[in-house]
Amino acid sequence: ASTRSLHEAGIDASGLVDFADMLFEDEDGSLGETISFPKFIGHCLEMRGSRAPAMKDMVNMRKYIRQTTQQMMSQLEECNARLARIGAGSKGTGLRSRSHSSSGKTMISREESSSS
């Protein structure tokens, strides 16, 4: 019955499921457990196939891409820091750590072989 109601409103139910993580995302990018019914309906109406994208949609997409990119960069920085700690304790493994001049972040790279 609810799938039929969504379909009658021009909302793709399977598409709604695909975007479930975005529906429950809080302002800070973390996943919440619940949303209000009016907010849910608002999201559903924004996802109608017959609705043309608006400037608000482009702004929201830009925010989402920025937040996602920042989260990925943070995770990569954590990985680099972990690898630097591992690399510092494993001399002779072919890895070396160095500080990136523009950002001051530690990066891991392969040591160049001295033999030609």
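Residues numbered from 1 in each chain as written. Predicted model: local features only at pLDDT ≥ 70, side-chain atom pairs only at ≥ 80, totals over all residues. Heavy atoms only, no water.

## Some remarks on the overall build of the chain
Here is step 1: For the chain, the count of helices and strands is five helices and two strands.
Here is step 2: In the chain, the order of α-helices and β-strands from amino to carboxyl end is α-α-α-α-α-β-β.
Here is step 3: Each of the 116 residues in the chain was classed as buried or not, and the buried ones make up 12%.
Here is step 4: Split by element, the accessible area of the chain, about 9,200 Å² in all, is 56% carbon and sulfur. (Helix = DSSP H or I, 4+ residues; strand = E, 2+ residues; numbered from the N terminus. Buried < 20%, exposed > 50% of the residue type's maximum accessible area, 1.4 Å probe, protein only. Areas by Shrake-Rupley, 256 points an atom, 1.4 Å probe, with all protein chains shown as cover.)

## Some remarks on the pattern of salt bridges
Here is step 1: According to the stated counting rule, one finds two salt bridges in the structure shown.
Here is step 2: The partner of K56 in a salt bridge is E46, and the shortest N-O contact between them spans 3.0 Å. Remark: E46 occurs in helix α4 (residues 37-46) and K56 occurs in helix α5 (residues 55-88); sequence separation between them is 10 residues. (Salt bridge = Lys/Arg side-chain N within 4 Å of Asp/Glu carboxyl O.)

## Examining the nonpolar core
Here is step 1: The biggest cluster of nonpolar side chains holds five residues, and these are L6, I11, L16, L23 and C44.
Here is step 2: Not counting the four nearest positions on each side in its chain, L16 is found in contact with L6, L23, F40, C44 and M47. (Core = buried A, V, L, I, M, F, W, Y, C linked by side-chain atoms within 4.5 Å. Contact = heavy atoms within 4.5 Å.)

## Comments concerning the layout of surface pockets
A water-sized probe, rolled over the atoms, reveals where empty space remains.
Here is step 1: Each pocket or cavity is described by its volume, and for the largest pocket that value is around 940 Å³.
Here is step 2: What lines the largest pocket is a set of 23 residues, and nearest its centre among them are M22, H43, E46, N60 and M61.
Here is step 3: Elements with a contribution of two residues or more to the lining of the largest pocket: α3 (20-23), α4 and α5.
Here is step 4: Per-element accounting of the lining of the largest pocket gives the leading share, eight residues, to α5.
Here is step 5: For the lining of the largest pocket, the class distribution of residues is nine nonpolar, four polar and 10 charged. (1 Å grid on protein atoms, 1.4 Å probe; cavity = no way out; pocket = protein on both sides within 12 Å on 5 of 7 lines; lining within 4 Å. Points joined across faces, edges and corners; volume = space filled by probe spheres on them. Nonpolar A, V, L, I, M, F, W, Y, C, P; charged D, E, K, R; others polar.)

## Side note on α5
Here is step 1: If you check α5, its first and last C-alpha atoms are 49 Å apart, about what 34 residues at 1.5 Å a residue would give, namely 50 Å.
Here is step 2: Where α5 is concerned, the buried positions are D57, N80, A84 and G87. (Expected span 1.5 Å × (residues − 1).)

## What about a nonpolar patch on the surface?
Here is step 1: Together, M55, M58, V59, M61 and I65 make up a nonpolar patch on the protein surface, roughly 490 Å² of accessible area in all.
Here is step 2: One can find M55 in helix α5. (Patch = residues over 30% accessible without salt bridge, like charges linked within 9 Å, V, L, I, M, F, W, Y side chains within 5 Å.)

## Quick look at the confidence of the model for the chain
Here is step 1: Looking at the chain as a whole, its pLDDT mean stands at 77, while 73% of the residues score no less than 70.
Here is step 2: The element-level mean pLDDT for the chain is lowest in strand β1 (residues 95-99), coming to 55, with α5 highest at 89. (pLDDT = per-residue confidence, 0-100.)

## Things to note about the side chain of D57
Here is step 1: Position of D57 relative to the elements: it lies in helix α5.
Here is step 2: Not counting the four nearest positions on each side in its chain, D57 is found in contact with R51 and A52.

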